[in-house]
Structures are given as C-alpha cells and as structure tokens.
Amino acid sequence: MDARASANAPKQEIRLADYQPPAFSIETIDLVFRLEDEVAVVEATSNFKREGDVRSLTLDGGPYMSLKRVALNGVELGGNAYTLNRESLSIHEVPDAFTLTVVTELRPKENTRLEGLYFSGGNYCTQCEAEGFRHITYYLDRPDVLARYNVRIEADKAKFPVLLSNGNPGAMGDLAGGRHFAEWHDPHPKPAYLFAMVAGKLGCLTDSFTTASGKEVTLNIYAAEADLAKCDYAMASLQRSMKWDEEVFGLEYDLDVYNIVAVSDFNMGAMENKGLNVFNTKYVLASPATATDADFDHVEGVIGHEYFHNWTGNRVTCRDWFQLSLKEGLTVFRDQEFSSDMTSRAVKRLDDVRTLRMIQFPEDGGPLAHPVRPEKYIEINNFYTATVYNKGAEVIRMMHRLIGADAFRRGMDLYFERHDGQAVTCEDFVCAMEDASGVDLKHFRLWYSQAGTPSLTIKRERDGTDLILKLEQQTKATPGQGEKKPLHMPVLVGWLDADGNEIQPALEGEGVWTEDGCLLELTAAHQAYRFRDVPDGAVPSLLRAFTAPVSLDHDLSPTELAFLVKHDRDAFARWEAAQYMYGDFLLACVAGKANVKDVPSEISTTFSHLLKDTVTDRALLAELLTLPSEIAIGQRMDVLEPSKIFDAREALLAGLAKANSEALTSLYMSLKPGSYDLKQESKAQRRLRNALLRYISQLPGADDVLRAHLDGADNMTDRIAALAMIASSDMADREAVLEAFYTEWQHDDLVIDKWFAVQGQSTRKDAVARVLELMQHPAFKLANPNRLRSLVTSFSMLNQARFHEADGSGYRLLADTIARVDKINPQTAARLVAPLGRWRRMGEDRQVLMKTALERLRAQVESDDVRELVDKSLG
Ligand code: B3K
Ligand code: ZN
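Please read all numbers here as calculations on a predicted model, not as lab measurements.

Turning next to the site of ligand 1. Taken together, 16 residues lie near ligand 1, and Glu129, Glu272, Glu306, Asn381 and Tyr389 sit nearest. His305 is positioned with one of its side-chain polar atoms (N or O) 3.1 Å from an oxygen atom of ligand 1. The side chain of His309 places a nitrogen or oxygen atom 3.2 Å from an oxygen atom of ligand 1. Isolated, ligand 1 exposes 340 Å² of accessible area, and the fraction of that covered by the protein chains is 97%. Elements with a contribution of two residues or more to the shell around ligand 1: strand S20 (270-271), helix H2 (293-308) and helix H3 (324-342). For the shell around ligand 1, the residue count by class is six nonpolar, five polar and five charged.

All right, on to the sheet that holds strand S4 (residues 57-60) then. Sheet architecture is open: three strands sit in the order S4-S8-S7, paired in antiparallel fashion. Edge positions in the sheet fall to S4 and strand S7 (82-84), since each of these pairs with one other strand and no more. Averaged over all neighbouring strand pairs, the angle between strand axes comes to 15 degrees, with direction disregarded. In this structure, S7 lies alongside strand S8 (residues 88-91), joined through three bridges in antiparallel fashion. By the bridge assignment, Tyr82 is partnered in S8 with Ile91.

With 18 residues, helix H5 (residues 386-403) should cover 26 Å at 1.5 Å per step; its first-to-last C-alpha distance of 25 Å lies within 8% of that length. Burial within H5 is extensive, with 16 of its 18 residues counted as buried. Among the residues trailing H5, Gly404 stands out with phi positive, at a value near 95 degrees.

Here the focus is the packing of aromatic side chains. One pair of aromatic rings is described through two measures. These are the centre distance and the angle between the planes. Counting across every chain of the model gives 38 aromatic pairs. One aromatic cluster in this structure is built from Trp244, Phe249, Tyr253, Tyr258, Tyr307, Phe308 and Phe338. We note Lys109 situated over the ring of Phe119; from NZ or CZ to the ring centre the distance is 5.0 Å. Across from the ring centre of Phe249, 5.1 Å away, lies the NZ or CZ of Arg334, which sits over that ring.

What counts and what doesn't
Residues numbered from 1 in each chain as written. Chains lettered and ligands numbered in written order. Predicted model: local features only at pLDDT ≥ 70, side-chain atom pairs only at ≥ 80, totals over all residues. Heavy atoms only, no water. Near = heavy atom within 4 Å. Polar contact = N/O pair within 3.5 Å; in protein donor to acceptor, adjacent residues only side chain to side chain. Areas by Shrake-Rupley, 256 points an atom, 1.4 Å probe, with all protein chains shown as cover. Helix = DSSP H or I, 4+ residues; strand = E, 2+ residues; numbered from the N terminus. Nonpolar A, V, L, I, M, F, W, Y, C, P; charged D, E, K, R; others polar. Pairing = 2+ DSSP bridges. Axes fitted to C-alpha atoms, helices over the stretch in contact; angles between N-to-C directions. Expected span 1.5 Å × (residues − 1). Buried < 20%, exposed > 50% of the residue type's maximum accessible area, 1.4 Å probe, protein only. Phe/Tyr/Trp six-rings, centres within 6.5 Å; stacked < 30°, edge-to-face > 60°. Lys NZ or Arg CZ within 6 Å of the ring centre and 35° of its normal.

By themselves these figures say nothing about function.
Have a look at this one:
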C-alpha cells in the first residue's frame, strides 16, 4: 500500500472563498510511535464524529509514507473499502461515530524536507506546521480540527534516552530488547500542526517558574550535551517571557512542564508546539564567546515569540491558513512589545521598521505581493512571509494606537473569553477589539485584504498664522488587485518651535493631542489638518514612531531634517530624519545631480555634532551615524542602480570618515570596552564602537585598527564586526585572518555560519567567485538550512552590489542553487526565490538576465513550493 507511485500532478490553488467547515470532528487521538533503526511505525487511533452531510471520510496524507493497516471500530478494512491516493485516503462508508486505526511506516532518515518526522543530529524530531502531520499519518490535517492527544513513544533506550511529546508526562518504563517507552497526555485540544515528538540523546537544562496563581512549572531546555552551557540565556528569556505575559496580558502558562528542544536542521526559527517547542539551535544557543548582542536579542525575542503563541495561536488558533496572521501578526506584535520592555523601546522600534522596509516593503512592491490575509495559495508554506508576520504586526500595532492601550487589553481579554479553545478568524479578533473599545474598525479592516505599501505624502501650507498639513495617500496596483482604496491609518505628528522645544498648537479637525504627539486619523485619499498659531520656524515631526506602515514623502528641507535629528524627542523620528537627510543626498548623487565629494553642510555639521553628543543613548547614536542601507536607498528609486548606490554610499562614508577622522578616532578610543557583560549600556557601547569602526575602516592605517579590534575582542559582537569589514577589505593578510578564524571556530556550527555570512556579504569584486568556491568548502552543507542561508541568502539579499553584478553571474548562482536545493528541501528552496523576482525594478539589461535565470530555473523545478513562486515572479 504505497502511494508513492501515483501521478504527481501540480497542486491546485486553494481559495479562502471556498472554505467549508470540516465534515468530521475528532475527539481524541492515541498515537504510538515505534522507532526502529531505519523505519518508524506510527499507529494512530482516532475517535471520529460526523458533523456534515457526507458518507465517506477523506483524510489528508502524503507520498512519503506507506500505509500498513486501516481498521474501523477494530475491524481491518480491505482494499475495496477505501481509496488511497498520493495525497489522501478515503474510507468509502463510515458510521456517524467510529474509531479509526491507521498504521503507517515512515523513513525519517530519508526525510531531507525537514517536514513531518525527520532525523537531525542523531535525534528524531517533528515539524508539523503547516501540513507536516499528514506525512506522519492519514488525518484531518487542518487547523480547525482540534483533538486531545495521547502519545506513546517506544525506542532503543541507549540511543534515544529522551522521549518527548506535547502536554504533561505520563507513564514511562523499560521494554524488552533494551528498549523503553514514555507516554504523554495533552489535556488541551489542538490541531495537528501543533503536534510534536522528539526522541534523542540530549542533555537537559532544568529550572522552574512559579505562575502568578502559584503553580510551579518545570522548564527544560534539551540540547546536545556539549551545548548545554549555552542555554542559560534562553532559560532566563523563557522565565522573563512567562512573567511578562502575566503582567502585561494576564496570561498564565497552563501545563506542568514546558519543554524546548534545540535542533540544528530546521527550516524556520522555531515552532510553538504545545508544551514542546522545537527550536533552531540559532535561537537557543548563546554564549558571549560565540553569540553577538544581536544574537542574544534574537534568542530572547524568539523564545518570547514561541511562548506567547501558547495563548495567541495555541489556546486560540486559526480557522484556516488564510488566517495565519491572526496568530503570527499578533504574536510578532507581542514579542516586539516584550523585547521593547526588556531592551530599549526606541531602538527596538527602529530595528523593526528597518526589517519591515528591507523585507516586507520589497515583497509588497513586487510580484509576490499579497494581503495580510491572503485569498489564495498553492503551497501554504510560501505564505509564512514578512507580510503575514511583520506587516500583520503593524496592523495590530495600528489598532493598538487607534483604540489605545487600555482598550486593547480589554479587547484581548474579550478575545480569550469568547474564543478560548476555538479556531477563529482575523475578523473575530477585530470584532473583539471593536466591541471592547466602542471604536468602529469597519474601514480599518481593509488592511487585511488590500496588498501593497501605501505612499503617504505630507505637504505644508501656510495660511496666516495657521499651518495646514495636507495628507495624501495612494497605493499602487499589485498583482490581482488593480483598484486600491484609501486606508484608515493613524498618523502621529509633533511640532517643534525654532528653538527645538516641543509645542502643541491647537488642531482644528479630526485628531487628538496625546503624550507622544498629535494623533491624526487619515481615512480619505486627501485630508487637511489645520494647526492654529504655529510660530515661524516651527518644524513638524512626521509619522512619529512609524505609526503606519507606509512609505512617506514630505517637503522638509535638509536644514529642517538636520534640525529634527538634533532636537526631536521622538527617537524614531530623529533616526528617520537622519535617514532622509543622508538618503536625499545619496539619491541626488546617484542621479548625477550632486557630487558625492561636495557633502552638504547640513550633513557634515550634523555628523560632527553627533560625534560630540554625550546625551543620546549610544545605541541610538550608532544608528544616527549610520547611512541608510543600499536596499533602503534603492526603494526610493524608480529604476534600481545597485552599483551606483553602492559607490555613492561608500564614497560618502569615506568622505565623512576623512572629514571627521580625529573625532571618530578619539570617540572610538574613549569607548574602550570594560569587562564584558550584557547590560543595555554595554551593548549600546559596543554598537556605537562598531558603527565608528566602519568609518575608521576607511582611514589610512585602518588595517591595524581592524586587526587590533578583532584580536582584542573578548566577545563575538566585536569579533564579527571586525571580521566582516576585513572580509570586504583589501587587507594584505585578509585570507590568513579568515583562515585563522575558521580554524579557531570550526567546532562551532553557529560561528562558522557567521564566517560564511561575512564572506557572502563581502563587497569585494570577487564575491561571486568566492561564494561559488565556498559552496565547495567541506563545511558547506546544502541540506542544512542555516548553513545554506548563511552563505546564499546573505549574498542574494544583503549583498546588493555583487548579487546584481552586471554580467548576471549573481543571478545564475542563485538560480542554480535553488534548483539543487529544490530536490532536497523545497520549503527552504522556495525561500530563496524572492530576489530574482524583483526584475521589474531593474534596468533593461539586468531584467533580461534575471528573467533568463528564472526561466532556466522554471525548467528544472520539481516542487510546487518553488514553482508557485517562480511562476508568480515571471508574471
Ligand atoms: N509557527 C512557526 C512557523 C512554522 C512554519 C511552517 N512552514 C514559527 C512561528 O512563527 O512561531
Ligand atoms: Zn509565530
């Protein structure tokens, strides 16, 4: 009974409009896993109840498992009682209520897709979201079928001493032949995508957390024995997350134990399986010697994210996968808030906005654009996107801003009161917010269904003593959505008088002054706001805190931008003003309208002023001194010219370095690190010192400074900052330095990932050849997603100048790699496609080269995952 042989027809498109509730419900499922050397036998016994008007039961399945047995109410079914296809098993006639036993056989060691049950580093683990469970057994693999799970795992005791599944532990004991078993019971009904099972030889770090209501929860982090020393930060982050969710949202943990397992082969960051999170090692393991400050922050953020899913995702889940942002947008919002409270709110906000602009804006402006709640898909795994996650979080953030923090909390309470234990829709969430706040969000809902980044233009008009802000919004057509409507968005603005003091001129019209500024609610395509008695020389601070995910255009002059960089009390707006100030000049240089050697006085004065600033938080200062990324600059151009952008940016960097060499060097010297710790101030100091190093790397004698920075470092943040600059430099012993780094760290996968990444991002002219050469390196593993991304994604997403090499070699490299990875791991291959799809943004020559690469790839594609994205990219 092997379904593998049947035809492999491309998957059909699935539409939100076609949603039908399930025809059967499942009360409980008992799963027995018998893990052998080469195979895993899975016996699944479920209690079904008919809910709809159908006679037959159709279960989801997949081509990689063999069906061994089917029994209904204990009676084995013959082949004529069911139909087995590549992707389903249909039992022809079933009673209203019955028990079905399905036995399947799997080959986890052959599973390189890392979906379903697979083997990583000698351990068995699972990944079921979105549709991995159907590769373990035939089942109703959809998020609106919630069942209670009882799991029994049997395996060799010496090879797999640790046996884990969801929920609370039950019986365990020895079996004949050196084997043992463990049972797990999850009292909370859940969809199959939240199922998890792990069997392995793992070390364990144990601690505990006492909930607000006094229940003690055991916390375990499982990892390879040698990595246990690197799990402390993850454990502390978990405890902080649990406390934060109680304090901020009144949400407590609901099982006796919370288990986390770190595995090194993982498609994504981590997975929120009920009571048993499976994590990519990248987001668990961290030590000062091996992890950067950013890594520590990511560990805290992802640990928090998965923990917060326990309520937003697990207790209340999604009705169907179109509602993915219901859990992901909301949980990203929650993890962002958590990190803001743990670190610096101001810097966290600009980091998040930068990510949004680097990844989501290009997605929204290209062939893969889709709404936060998509309307159709072929492969759901292709929709775990920055739009669903990050723009989804911005949508939640806008609601939070529009109804206010207190009403938002009441809305969350109401949401859980209404929907605990249910599978619901984005609409249900918005309704709870509406009902709790009394605010009408009818128009606001459009953010869920309309794709594309709106452009917002704000212009000023003087009228006597009044100042009118004229707002205009517009969203360009996206694939399949020609007509766009104006959106309902919060726009926070402030006013500064000529001395830089915050003023609050009276507003005539819709809007209200709050602590942070004046909150305008834009709902129409054009809207004007009249501010009374605005003194001469006053400057508006626009879109403070980035209250809406839009691309902003305004009429602020370079002098006004420089003024805002100096005086605005809104950290985000200060940074934004700096970005515009540098960016406007760089764009003029690229367009040939300015000479990069003639740095405008606003920029040079502001830059040297910042170098003397002793008040501003150092992490923010680092960001104010950093030029906008090539991607950010490119987004403001109609036709992208990567090499011109790169050259202009490098030249401005060098120019600023030269003009401020003394100030840069003395500030750098004054920031000599003390003994290493992870306090906010210390992290901020490293961030500033490394930002300065980037300028200093342009000065004569830089080689010695870079080498000293690297050799003198007692932490990975400083080490990798220097190594990245060395990898892009012409330093004579560059190769020797890189080689020595490799030799020193070759035992540590996550550090070697960084070693690949800095070379993937090297802006040296030989970058493409280098990446190709590194793909032959013994430590490069195409099948390991972390390793693959460290080299190839670093190159294709971040190394703009070299990826867009005029001879098309960067495009060929990427397309060939995708074709190879497609045969191993389609999900991960699909995540590499996006950069090639942006050909419409390029000049004609590059358009041709990119399309040729895509077409070549199209001819080799085997998976639905990659095919869906390549087809959309070709348009
Ligand atoms: N929910 C998982 C993502 C699963 C991805 C499936 N392709 C991680 C997260 O967002 O928390
Ligand atoms: Zn998530």
